[in-house]
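Each chain is listed here by its residues.
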Amino acid sequence: MPSLFLGLDSSTQSLSALIIDLDSHQIVHNAAVNFDDALPHYKIQNGALRTDDPQVVHSPPLMWVEALDLLLQKMKNDGAPLSDVKAISGSGQQHGSVYLNESAPAALANLVPDRPLADQLRGIFSRETAPIWMDSSTSAECEEIEAALGGKAATAEATGSAAFERFTGPQIRKFAKSEPEAFAQTAHIALISSFMASILSGRIAPIDSGDGAGMNLMNIHTKTWHPAALDAVFPTLGKKLPKCSNPWKIIGPILPTLGKRFGFAPDTLCTAWSGDNPNSVVGLGLIEPGMTAISLGTSDTFFGTLRDCQTDPNAEGHVFGSPTGDYMSLICFKNGSLAREKVKDQYGLDWDEFSAALDSTPPGNHGKMMLPYFEPEIVPRVLEPGVHRFGGLDENDAPANCRAVVEAQMMSMRIHSQWMGEPPTQIYATGGASANSQILQIMADVFQCSVYRQETPNSAALGAALRAAHAWHLHNDDEIPWADLVCGFTDPQKNSRIDPNLAAGPVYDKLCAKYQAKECS
Ligand code: XUL
């Protein structure tokens, strides 16, 4: 019998799935449901509900129920080998919260196989919509929580992150303050990840330490709820939360009803779900401390694995639990592709000409530098956008400006990831701009380590499938090393390795010091 594991990814715009075969180390089935296309009756746009207030961004949780039903039906109809799946895990967009009333446990446990799931679960919500990670309407609650926990740095030290508007604790507090009656009707609060796991297992599922760390409610050191943080959000909050669990927790077999409805074997195991970023960490193969991924997208994201729980004293980065039982960091830089593109466009270049400009200028750019805040920046926190040139950088010098923007981004990542205490040993570059070898060369030179191109589509769903395999083997007293699990699934693109130019090391040591001084001035 093949060794098949199912990973699901409930992201902002779609629910996707893949099945891996651990014997052949191959992905054997892929499927997805796009919310806007398949479920337009929820009146969503890119998966979310919009109001007049651009800071408020919610999604309807019933849509996720219907999407799960639709996706698994589609997989069954398409002949996906669901009956051979040994265990299921999943990934959810982080931070979003689902509010359930007291009827939820019985409704989840008593589903029948021959009626649509959404019809049967319509009544379980104490709030019809779920705030998601794009919601930024809780600044007041963030201040209140940080004040109660002794400030920004103390909040980050205790929970892994300062209070951020999208994080679940501030969102729960806003709901409790603004809709006290509906909050009183809330018997259970779930994350999107634990909500989806609850449907499959037919019971209120635990919140794993990866996704739990995105709530400002969990003690990041002990990976259990932090009583002071719960109190800071709402005095009796603990009663509404499930247990915190490790990421390989087996919740139980799939609900027999769902087994019948979709054709899973009765002993298919459901494991705890986690957040999309923790799942992606293993889905990209970052299984050893020091392994780092840099995603070059609209924003640039830096994430890596940490053995010890280090938190950021400047409270800019995040620490979550990693699926391996270690920790992971996540740092988000807003001025990513956007800034690179602005410079390219300013000089009327195409991407080949931009790359040629990088090739024609030396590491260190003769000391010419730029602070590239085309948009307000998250890290470092810069509220007023503005581009500042210094070290002799002339605005009319196109090649030097191209190099300056990329060097600034890489130096900023190096500077603002130093708190992790583990410089990258190898970097996997992902995202659109990772196709550009000249940008990756600057990355390798600034960090002085090898950079590989890593193009794993849907790393979150792959990570979830790998986590299902990991949990199933542990459950059967067979601990497979993570290296054996990910092998073949997460190998970087062949021949994509870019080594650092060693002579550039001392150049960037000096330049980083100057850049950092300018950032602080
Ligand atoms: C991470 C974050 C997003 C969401 C959605 O803190 O807000 O990455 O997880 O993908």
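Our subject is the structure listed above.
Residues numbered from 1 in each chain as written. Predicted model: local features only at pLDDT ≥ 70, side-chain atom pairs only at ≥ 80, totals over all residues. Heavy atoms only, no water.

A. Broad picture of the overall build of the protein chain. For the protein chain, the count of helices and strands is 20 helices and 24 strands. For the protein chain, whose C-alpha radius of gyration is 23 Å, the value lies close to the compact-globule estimate of 24 Å for 521 residues. Dimensions of the protein chain, computed from C-alpha atoms along their principal axes, come out at roughly 70 × 50 × 40 Å. For the protein chain, the share of sequence-separated contacts (at least 6 apart) that also reach a separation of at least 24 residues comes to 74%. Taken as a whole, the protein chain presents about 19400 Å² of accessible surface, with 50% of it coming from carbon and sulfur. Across the protein chain, the 38 positively charged side chains and the 59 negatively charged ones have centroids separated by 2 Å. (Helix = DSSP H or I, 4+ residues; strand = E, 2+ residues; numbered from the N terminus. Rg over C-alpha atoms; globule rule 2.2 N^0.38 Å. Contact = heavy atoms within 4.5 Å. Areas by Shrake-Rupley, 256 points an atom, 1.4 Å probe, with all protein chains shown as cover. Lys, Arg positive; Asp, Glu negative; His and termini not counted. Charge placed at Lys NZ, Arg CZ, Asp CG, Glu CD.)

B. Seen up close, the site of the ligand. Around the ligand, the structure places Q94, H95, W133, R166, D276, N277 and L330. Between an oxygen atom of the ligand and a side-chain N or O atom of H95, the distance comes to 2.7 Å. Residue N277 places a side-chain N or O atom 3.1 Å away from an oxygen atom belonging to the ligand. Each residue belonging to the shell around the ligand can be placed in one class, and the counts come to two nonpolar, three polar and two charged. (Near = heavy atom within 4 Å. Polar contact = N/O pair within 3.5 Å; in protein donor to acceptor, adjacent residues only side chain to side chain. Nonpolar A, V, L, I, M, F, W, Y, C, P; charged D, E, K, R; others polar.)

C. Structural detail: the sheet that holds strand 23 (residues 426-430). With mixed pairing, the six strands of this open sheet are ordered in space as 19-20-18-17-23-24. The outermost strands of the open sheet, each flanked by one partner alone, are strand 19 (318-321) and strand 24 (450-453). Averaged over all neighbouring strand pairs, the angle between strand axes comes to 25°, with direction disregarded. As judged from the four bridges shared by strand 23 and strand 24, these two strands associate in the parallel manner. Paired with Y428 across the bridge in strand 24 is Y452. Relative to the sheet, helix 16 (residues 398-416) contacts strand 17 (291-296), strand 18 (300-306) and strand 20 (327-333), its axis offset from that of strand 20 by approximately 140°. (Pairing = 2+ DSSP bridges. Axes fitted to C-alpha atoms, helices over the stretch in contact; angles between N-to-C directions.)

D. Focus on the pattern of salt bridges. Under the definition given, this model contains 14 salt bridges. E395 is paired through a salt bridge with R389; the nearest N and O atoms lie 3.8 Å apart. What emerges from the salt-bridge pattern is a single network uniting E141, E144, R173 and K177. (Salt bridge = Lys/Arg side-chain N within 4 Å of Asp/Glu carboxyl O.)

E. Inspection of the sheet that holds strand 8 (residues 130-131) at higher detail. Here three strands make up an open sheet; going across it, the order is 4-5-8 and the pairing antiparallel. On the outer flanks of this sheet lie strand 4 (49-50) and strand 8, each paired with one strand and no other. For strand 5 (residues 57-59) and strand 8, the ladder comprises two bridges, and the chain directions are antiparallel. Within the sheet, the bridge partner assigned to H58 lies in strand 8 and is P131.

Nothing here speaks to function; it is geometry throughout.
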